Every structure is written in C-alpha cells, then in structure tokens.
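# Structural features, examined
Single-letter residue listing:
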There are 6 protein chains.
Amino acid sequence: MRAYLGRRYRLSASHRLHAESLSEAENRAAFGKCNNPFGHGHNYVVEVIVGGEVDSVTGMVCDLVKLDACVNTEIVERFDHTNLNTFERFEKEVPTTENLNLEVYRLLSHAVDRGALGKAELVSVRIEETSNNSFEYPVARERKAGAE
Amino acid sequence: MRAYLGRRYRLSASHRLHAESLSEAENRAAFGKCNNPFGHGHNYVVEVIVGGEVDSVTGMVCDLVKLDACVNTEIVERFDHTNLNTFERFEKEVPTTENLNLEVYRLLSHAVDRGALGKAELVSVRIEETSNNSFEYPVARERKAGAE
Amino acid sequence: MRAYLGRRYRLSASHRLHAESLSEAENRAAFGKCNNPFGHGHNYVVEVIVGGEVDSVTGMVCDLVKLDACVNTEIVERFDHTNLNTFERFEKEVPTTENLNLEVYRLLSHAVDRGALGKAELVSVRIEETSNNSFEYPVARERKAGAE
Amino acid sequence: MRAYLGRRYRLSASHRLHAESLSEAENRAAFGKCNNPFGHGHNYVVEVIVGGEVDSVTGMVCDLVKLDACVNTEIVERFDHTNLNTFERFEKEVPTTENLNLEVYRLLSHAVDRGALGKAELVSVRIEETSNNSFEYPVARERKAGAE
Amino acid sequence: MRAYLGRRYRLSASHRLHAESLSEAENRAAFGKCNNPFGHGHNYVVEVIVGGEVDSVTGMVCDLVKLDACVNTEIVERFDHTNLNTFERFEKEVPTTENLNLEVYRLLSHAVDRGALGKAELVSVRIEETSNNSFEYPVARERKAGAE
Amino acid sequence: MRAYLGRRYRLSASHRLHAESLSEAENRAAFGKCNNPFGHGHNYVVEVIVGGEVDSVTGMVCDLVKLDACVNTEIVERFDHTNLNTFERFEKEVPTTENLNLEVYRLLSHAVDRGALGKAELVSVRIEETSNNSFEYPVARERKAGAE
C-alpha cells in the first residue's frame, strides 16, 4: 500500500532576477520589473511530496519528525529571511523560482540519499511563489503516451 | 531539467445547463437547479500548467509576459464577464465546466501550436468552479495499474 | 474526451495514535503528542477525484447527485463528528490519516464497483489533515521511467 | 459575557448591472463589462455575524440549527443558482453586491425580529463577491475620530 | 499612531459537547452530533489581535518574540493535541468554541497584565473552528449608537 | 444606507529591518533574522476599506475604476517589486509592515482628499504580510466603553 504525503513549509526571501551574460536591455526584456537592481521578495510555500509504503505498525508513510528535521535543516534554515542572490549557487544561476525549485530538490535528494527519511522517497518539490504562481520539479501532472 | 509552472487566471461568468436534445423533465433530472432558465454564475479560477526545460540563461520555463498575453487574449478577454451560453461553441454543447475546460484547452493548444509560448508546452488546464469543485483536462493525478 | 473532477467534502473527527504492538516508550517515540491518551482532533478535507468520458449529451464526467449521495453515505455520515478509534477497522490499525485515506478509498471503491457513480471511475482520494499536511492514495504526482 | 459568531454560506448567482434611469452610454460608463446584456456571475460567500450572551448552560451564542434554518430559508434557497435580476427587489434597484448585501440584511433582520435566532442578535452581513472584493453592512471596521 | 496586529496560531484538539445539567434528550437537542459520547475534533486557528503605539525606534506595535512566547506558553502548549474536556475549566463549562474563546482571552489577559507584551494591549481573540465558523471575544465588528 | 467595501491589492517587495539609532546588538535583539543585512521579502496583500452611501442610481459605494486607479497609482506602482529600504520615507523609519501600513494610509488619504474616490471615504488599510500576520491602521476591531 503505497501512499503519498505532501507537507508545506514557508520561507520569506528576496531576490533580483539578472543574468550576467545578458546586456542591461536584454535583462529588462527578460525579467521586467523583477530586474529592479534593489530586488524584491516573496513568501514562498515549499511543498515537499514524499511517497512510500504505509508502515504496518505505525500507519505512516514517513516519520514527520524526520521530515521536519530534514527540511528545516536543509531548506528553511538555509533560505528563510535571506537574499537568494547571496548564495554561491545563485552567482552563476538566476535565482528564479524554477532554479530555487531545482536547488531545493537537489538538497533534499542528497539528504534522502543519506537516509534522512528512512524508507520514504522524495517524489517532488512544489513551490508557490505567489497565490497565482507555482512551480514543480521533477514531476508534475503531466503524462503523455510514451513519455520518458 | 524539465520543470512545470502553474499560473492562475480568474473569470466571472454565468451559464445555464440545458441540453436541447433532452425533455424538460430530463433536463431537470440531469441538471437540477443548474437548469434554472435564467441561469446562475461562478467565479472560475483557470490554472494553466505548462512544462519545459529551465532555460540555462534566464532560469525560466516560460516567459510570463508571453503566457499572460496568450491566456488573456485567448481566454480571459473572451470569457470574463460573459454568459457562456451566448458562445457558438455552447449552442451545441452544454456549458458545463467540463466543456469549458475542453474549450479552454483547445483554444490554448492552438495558440501554443502557433508559437505563443516559445519552447514551453501546454500540459493541462484545471478549472476551479467553486471552492469545492475542480475539473482538469487532459491530465490528472491518475496512474494506471502497472505504471510503476 | 476523458476529463477529471475533484470534489471536496469535510469531516471533523478525533483520534489517538497508539499502536498496541508497541511499548509506551515506543508509542511516544513514534507518535509524540499525537499519542496523548485522551486524543485530539482535526477538520479533514476529503477530496475525491473521479475520471471519465465527458458525456456528449450532459457535458458531465459524473452525475454530482450520485457522487454526493455516494460520498455522503459511505464517508461523511460514517466518520463526521466521530472518534476514529471507535471504528472496528481502527482497532487493528492506527487511525493515522494515511490509514483513513486507505479506508476511504476502499469504501468508495466498493461503492463504485456496485455502480454508484455510473460510468465514472474513482481515480484517487486526497485528504488534507491540516492546512500544511495532505495525503493521497493510490495516485500521486509520481512518474517513473517506463510508465505507460 | 457577550461574544460573536460568524458563519459562512455560499451562493452561486448571476446578475447584470444596468440602471433603467441611465442611458446606454451612462450604463457602460458606470458598470463597464458588468453591463454586458447577457450577464455574468459569481460565487458569493455570505458571512452572517451574530452576537449575544454565551449561554451559561449550553456555552453557545446562538443555536446553529436555528441559524442554519433561518439563513437557508431566507437567503440560500431564495438566491442560490438564480439570476438576481429576476427578483422584484432588483427591478428597481441594480443588483450590485452592495444592494444584495442590504437585501440579505433586511431579510435576516425580519426573521430575527420574528424570533428566528432566539436571544441572539444580527450584527452584520458581509458578502465576498470574489477573492478580492467584499462588502459589509451595516457595521464595518470603522471608528470615528474621538471614539476612544 | 496606534495600529493593530493580528497573528494566527494553530491548535488541533478534540471535544465533546455535553452539559451535566441537561438530560440525555436535552443534550442531543442542544448539541446534535457534537454530543457523540466519544467526541470529535477540529483544527482551531486562534488569531490574537493586539493594539498599541507604533514604536518610533523599532516601527513595531509589539515585539513578536514576546507575543509568540506568550501565546505559545499560555495557549498552544496548553491546548494543542489535547482533549478539551480533560481541562478543569471544562468540567463545569461545555467546551464549545465560545467558551474556549473566553478562556483563551482570560489566559492571555492575565499574561498581558503581568507585562508579557510590554506596552501592547490585547484587543480581541478570534477563533476559527472550521473554514465556515468563527468566534470572537470581546470585540467584534459591532457598533451601535450608544453601545455599551 | 452606509455600507463598506474592502478590495485587495498585491505587492511583492523586500526589506531589511534595521534602525540607525540602535547598535548592532540592539538591532539583532529587536529584529532577529529580519535584521539580515541583505534583506528578505514578502508578498503583501493590501486591503483598502472604504465606506459611503450606497448610490441610489448605481447601487455602489465607490466606483471601482476610480478605486483601482487611485490604489494602483499611489501604492501598487510605487511599491510593487521594489526594495522598501530605498524609499526616502524609510531612510528615517524602519520599513516594518506597521510603518508601510501608515505610509499606505497616508498616501491614500491625500489622494482621497483630492477627490480620487468621489464621495466614498477611506476607512482603513489592512496589510497581510504573511498568511499568519496582518496589520491594520487606523481602525481595528476595538471598542471601548463609551465609544460613540
């Protein structure tokens, strides 16, 4: 009996979207007001989706104490109340929410590989940037014939 | 690195559910109070889900200026503050939210085929009709036996 | 044209997480404050996701009168304003939201097998336990290599 | 010990904003796209706020069975899944959400005067027309200079 | 410059509504399914509203570290993941959300009187019991000529 | 017939909480992680509450076209996608949400004094900084003995 758990965490952070390889005009064209040199910010909601067998004794897919410890250490303490542009990763990559999503997934995957969630697996990471925009990696509600 | 973006748009519209091919009694049985001859209405939330490679320069799956232009032109300006029954498409088809969902997907697909979103692809359209009811096409959280 | 409908129902119930096969210390370690002997409670939101062909006459995936009758009879009237530990099923299994999710799916599947939803199929059940935690079975946003 | 209870009810209805006393051009200027001759619609959330002593035996401000019976009879059954322009009241008055708010308050006040809520009093009615717009009558979060 | 801050805290608890002074039949009449002997539960959202001068140096109405310490100690740690009927206060009083609201206000008032919030004042406590029901004490959106 | 309208606008901005008149240690004590030198950010929801007579012809408290023009010009275009610390006002005052609230109210009041909303009056401004924290000025749900 494989089931899924999604748990939401919250971050407030700032960022400026600006690519070093683009000219000023290209940056404005690509990022609009998000290119404002002094930055702006968001309340990000990070939903971590894990899957696994429902344990026959505890009735749980994943120990929530472990999940919270993992996500708080790897993600919330790292990114909450920060400026994303100050991270090494975002020196070479623009700190869009897509790239933040990939980075959150990468950090959690490494922790999960080290056993942070016991037998539960990391399925996907979904980030809500505003009440209208959300991002998801690596899995979304897509399925096409012959996909992958 | 393929990721997904969901972006929400809002429409207020009215409709009456009534099938020409059914009798009055059958219409009442099929649609209940939604068959009220003078119609009723909803605030529809249309979430458009697109997928694509995260661009290595901009860090984005899809240019939001393009996405907004596409959805506003094709969908919001067309359907917002209207009576759905007045559209040609809904002369032959009952303007249920399922059929609105198919029509929104069809209109956006054509625009995407004409290049409206650059390299990003349309994955799915999800419409919330009320805070309790939502519809999705063509993809949902479905997975068939043997899929794993 | 196969589309999907998600409809949300609400339950308030109490539970205590406690496994007979574990010692007191193990129960505290596994369930923390959820092991409190007098229980606690939640407002559960149960989203039932069904799929099917959009009917060419009615424009609907599923008759909502049938869906409501089915979910109200099988789930809401059974579990709303109850203590989950008092159900026979939860004598042997801890009434975690994972196990509640499996039970809701099982009960609805049987009703659907008896024809409760006409031609519509049960795709998944998703339960929100709090505004931060949700569970889903059997389908989630997962896709592995080779699927389909 | 006087306390307050707010309870939310939901209506889907359509309307067209059009004043008989204004010209076509004035109607368009006043109401914009809400003047569309075929109407449009909303999901209205009606929050009814009542106040009263907390009963020393039951611990309640108002019997919810009575409150639901009153609001369902007077408001929900009357306006849900209707076109507001078809009501006599809205022949002379434009069915804006402000006027709907006044009418809901008037109808509930009469019922309360007839004893529908026992000793509880009607304090205010607040209607959410969309997720961004809400209306309230007769009381709001207003306080005049010198009020302290 | 006096301004207001509302901050939300979350509790999951169970309760049974039952008055010792009423007969079985009266209890059922007064509380319906909330009188179920094994109880049920809710996710309560407790919004604490404080007011005060905006400090000319810090720009804040209330130190959030103090507010969180106060509400967590007095309310969250006391009531979260508990059965409300097990508290002494609720031996004599039915643990309705109205009575919980009065008790939360009383506990916070005492802490504020002991200086827990510095110069900020406690204005009101509002509890959401479900997404449809909320309670507030002692202040609500009521104001009548000559009130109080 | 005086009624009230609340309308919500959205801003994304960054800020750093730091008072020039305080030492480094005092700044850390007062603002904690909000004192991070590179700032952080939020999605602010600004709810503008206006009151007025319901116009007997249009049935409206306030012309929404005027209200949107006023709030977009004075507030959204000024503060959206900016760093609040770069504004002259916030050189002398810490850009807490309390101070942002006072500034938004001040800017809107001046516009209203110049006739921006016709006969409607500005009642209050409420800002949600996160899903848990909100601020309001000058009016809140407070009422003292003898008020009015």
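Residues numbered from 1 in each chain as written. Chains lettered and ligands numbered in written order. Predicted model: local features only at pLDDT ≥ 70, side-chain atom pairs only at ≥ 80, totals over all residues. Heavy atoms only, no water.

Moving on, we come to the overall build of chain A. Tallying secondary structure elements over chain A gives four helices and five strands in all. Each principal axis of the C-alpha distribution contributes one length, and for chain A these read about 60 × 40 × 30 Å. Every one of the 148 residues in chain A was classed for burial, and the buried ones make up 64%. Summarising the internal contacts of chain A: among those between residues at least 6 apart in sequence, 69% fall at separations of at least 24. (Helix = DSSP H or I, 4+ residues; strand = E, 2+ residues; numbered from the N terminus. Buried < 20%, exposed > 50% of the residue type's maximum accessible area, 1.4 Å probe, protein only. Contact = heavy atoms within 4.5 Å.)

Expressed as a screw operation, the relation of chain D to chain E combines 0.0 Å of axial shift with a rotation of 120 degrees, fitting to an RMSD of 0.0 Å. The two molecules are tied by a three-fold rotation axis, judged by turn and shift. (Least-squares fit on C-alpha atoms with pLDDT ≥ 70 in both.)

So, about the environment of Ala19(B). Mapped onto the secondary structure, Ala19(B) falls in the loop between β1 (2–15) and α1 (24–31). When the C-alpha positions of Ala19(B) and Thr97(B) are compared, they lie 14 Å apart, and in sequence the two are 78 residues distant. Here Ala19(B) is in contact with Asn27(B), Phe31(B), Val94(B) and Val57(C), once residues within four sequence places are set aside.

Before going further, it helps to spend a moment on the interface of chain D and chain E. Chain D puts 30 residues into the contact, and the matching count from chain E is 26 residues. Taken together, chain D and chain E are joined by seven residue pairs in polar contact (both at pLDDT 80 or more). Elements with a contribution of two residues or more to the side of chain D that touches chain E: β1 (2–15), β2 (40–53) and β4 (121–128) of chain D. For the side of chain D that touches chain E, the element with the highest residue contribution is β1(D), accounting for eight residues. Counted by class, the side of chain D that touches chain E contains 13 nonpolar, four polar and 13 charged residues. (Polar contact = N/O pair within 3.5 Å; in protein donor to acceptor, adjacent residues only side chain to side chain. Nonpolar A, V, L, I, M, F, W, Y, C, P; charged D, E, K, R; others polar.)

The next point concerns the environment of Arg7(E). Looking at the secondary structure, you find Arg7(E) in strand β1 (residues 2–15). Counting along the chain gives 42 residues from Arg7(E) to Ile49(E), while the straight-line C-alpha distance between them is 6.6 Å. Excluding anything up to four places from it in sequence, Arg7(E) contacts Val46(E), Glu47(E), Val48(E), Leu64(E), Leu67(E), Asp68(E), Asn132(F) and Asn133(F). Among the polar contacts made by the side chain of Arg7(E), one reaches the side chain of Tyr9(E) at a distance of 3.4 Å.

This next bit is on the state of the cysteines. Taken as a whole and assessed by the stated rule, the structure comprises zero disulfides over all chains. Between Cys62(A), a cysteine without a disulfide, and Cys70(A), which holds the nearest cysteine sulfur, the sulfur-to-sulfur distance is 8.5 Å. (Disulfide = S-S within 2.5 Å.)

What follows covers unusual backbone geometry. The step from Tyr137(A) to Pro138(A) runs through a cis peptide bond, and the omega angle for that step is 0 degrees. Residue placement: Pro138(A) occurs in the segment after β5 (133–137). Located in the positive-phi region is His81(B), a residue other than glycine, with phi close to 55 degrees. Note on His81(B): relative accessible area 10%, which makes it buried.

Our focus in this paragraph is the packing of helix α2 (residues 64–79) of chain A against helix α4 (residues 97–113) of chain A. Residues and elements named next belong to chain A. Relative orientation of the contacting elements α2 and α4 amounts to 145 degrees, with a least axis distance of 9 Å. Like other packed secondary-structure pairs, α2 and α4 cross with a definite hand, here right-handed. Mapping the contact onto sequence places Cys70, Val71, Glu74, Ile75, Arg78 and Phe79 in α2 and Leu100, Glu103, Val104, Leu107, Leu108 and Ala111 in α4. Class assignment of the residues belonging to the contact of α2 with α4 gives a composition of nine nonpolar, no polar and three charged. (Axes fitted to C-alpha atoms, helices over the stretch in contact; angles between N-to-C directions. Left-handed = near helix turned anticlockwise from the far one by under 90°.)

On to the arrangement of the chains, then. When C-alpha atoms are compared, chain B and chain E, though not in contact, are closest at a spacing of 11 Å. Nothing in chain C touches chain F, and the closest approach of their C-alpha atoms is 11 Å.

A few words now on the packing of aromatic side chains. Residue and element names in this part refer to chain D. Counted by the stated rule, this structure contains 12 aromatic pairs over all chains. Judged by centre distance (5.2 Å) and plane angle (90 degrees), the ring pair of tyrosine 105 and tyrosine 137 falls under edge-to-face. With a gap of 32 residues between them, tyrosine 105 in helix α4 (residues 97–113) and tyrosine 137 in strand β5 (residues 133–137) connect regions that are remote in the sequence. Comparing tyrosine 105 with tyrosine 137 shows no difference in burial state: the two are buried. (Phe/Tyr/Trp six-rings, centres within 6.5 Å; stacked < 30°, edge-to-face > 60°.)

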